[in-house]
Amino acid sequence: MNSSESLQLCDLCGGSKFSIISHSDRHNRPLTTGVCEGCGLVSHLPVPGEDEVAAYYAEDYRKDYHGESVPSPRRIMRAWNNGARILNQLSPHIPAGTDIFEVGAGIGCTVKNFEVAGHQASGIEPNAGFNSYTRDTLHADVENTNLYDLEPGGDKSLLLLIHVIEHFSSPTRALTQIRGLLRNDGLLYIECPNIGAPFATFGRLFHFAHIYNFTPATLIALAKKCGYEVVKQFKADDHPDIEILFRKVDIPESFSADPQEAGRTRAAIHRYNWLSYNLRPNYLSRRLCKISRYASEYVKANAFVRELEARFK
Ligand SMILES: [Zn+2]
C-alpha cells in the first residue's frame, strides 16, 4: 500500500494524506484511486478539474450515443420504472403537491413521474443529447443547464440528486450550491453507489466518471458539513446503493471527520476477491435471473414506450 502526502486537499475533511488503493480502472486503463486517511473519502488522485470532466463527458457522450437524439426504448423503460420507484419511495415523506427539482435529470422520466403524480416538477440536465426528446415527446420540464449557472433562489422544496454526486469535481461545492437553491427546511434526496458494499469485483470498481466513491458514513459526513441532517436512510450500510433523504439545516460551526472511516472503507473494499464474489450464495441464480430479465426487457420495451408516448401526446 502506498501512502502519500499530496498537494491535493480532501474535498470532505481538507486533509492531504491519501493511501493509494488502485492503479487501474475497470477496463484496466491507468487510473489512480486513493482513500483519504483523515476521513475515508475515496477519490481519484488527482481529482480532475471541472473543465477536464466536461471534456471527458463530451467525448464519452459522442462515443456512447453516436449522435443518436432519441433514447432507445429499453433506456426509456428503465428510466421510467426507476422514476416510479423513486416517487413511490419518497411519497410518504413529502406533502402532496410538493414542488420537486432534479439536478442531472437525464431523459426526464423521474421529473415526469412526479408531475403525473400532481407535483410541480422540473429539472436540469447538462447533456444536450436527449433534450429535444425530453421536451418535445415526454413534455417534461428539463432545461439544458449546469448546476452552477443557477441563481441560489432559496425556494425549492425537494431536490433530487440521482447517481450524480459521484461525478462532481467538488461535492462540497455542489452541496453548498444546492443548499442555496433549497428553502429553509427543504429536502435533498441523494442516491449513489456504495463503495462500502462492492457491487463488482475489486478490479472492476473504478471508473473515470465516478470521481468520488462514497460510503454511507462519508456521504453523511459531507452532508452534515454542508448544512444537512439525515431524515431517513432507506438502505442498510451493506446495500450496493446509498439512498438517503436529507433536510437543510444550519451549517455547523465546526466539523471533524472520523479518522477510523479510512480503515473501515479499506476493509470493505477488499472484503470480496474475485472468487468469493462469484461464489457468494445465490450469485449464480441471481445472475441467471438478470440475463432472462434482459431478454424479456427487449420484448417489452417497444410496447411500453409506444404506450408511454401516446399518454403525453
Ligand atoms: Zn478527507
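What counts, and where the lines are drawn
Residues numbered from 1 in each chain as written. Predicted model: local features only at pLDDT ≥ 70, side-chain atom pairs only at ≥ 80, totals over all residues. Heavy atoms only, no water. Helix = DSSP H or I, 4+ residues; strand = E, 2+ residues; numbered from the N terminus. Buried < 20%, exposed > 50% of the residue type's maximum accessible area, 1.4 Å probe, protein only. Pairing = 2+ DSSP bridges. Right-handed = clockwise from strand over helix to strand, strands pointing away. Patch = residues over 30% accessible without salt bridge, like charges linked within 9 Å, V, L, I, M, F, W, Y side chains within 5 Å. Areas by Shrake-Rupley, 256 points an atom, 1.4 Å probe, with all protein chains shown as cover. Salt bridge = Lys/Arg side-chain N within 4 Å of Asp/Glu carboxyl O.

Moving on to unusual backbone geometry. At the junction of Leu45 and Pro46, the peptide bond is cis and its omega measures out at -5° in the coordinates. With respect to the helices, strands and loops of the structure, Pro46 is situated in the loop between β4 (42–44) and α1 (50–65). The phi angle at His139 is positive, at roughly 50°, despite the residue not being glycine. Looking at the element boundaries, His139 is found in the loop between α4 (131–137) and β7 (142–143). Assessed through its relative accessible area of 41%, His139 is described here as partly exposed. Although it is not a glycine, His163 sits at a positive phi angle of roughly 50°. On the secondary structure map, His163 appears in the loop between β8 (156–162) and α5 (171–181). You can call His163 partly exposed: its relative accessible area is 32%.

Turning our attention to the pairing of strand β6 (residues 121–124). Residue alternation in β6 divides its side chains into two sets, Ala121 and Gly123 and Ser122 and Ile124, and both sets are buried. As paired strands, strand β5 (residues 100–103) and β6 are joined by 4 bridges and run parallel to one another. Note on β6: the bridge partner recorded for Glu102 is Gly123. At this point the chain moves from β5, through helix α3 (residues 109–116), to the parallel β6, and the crossover so formed is right-handed.

Moving on, we get to a nonpolar patch on the surface. On the surface, Leu284, Leu288 and Ile291 cluster together into a nonpolar patch covering about 330 Å² of accessible area. Take Leu288: it is sitting in helix α9 (residues 283–311).

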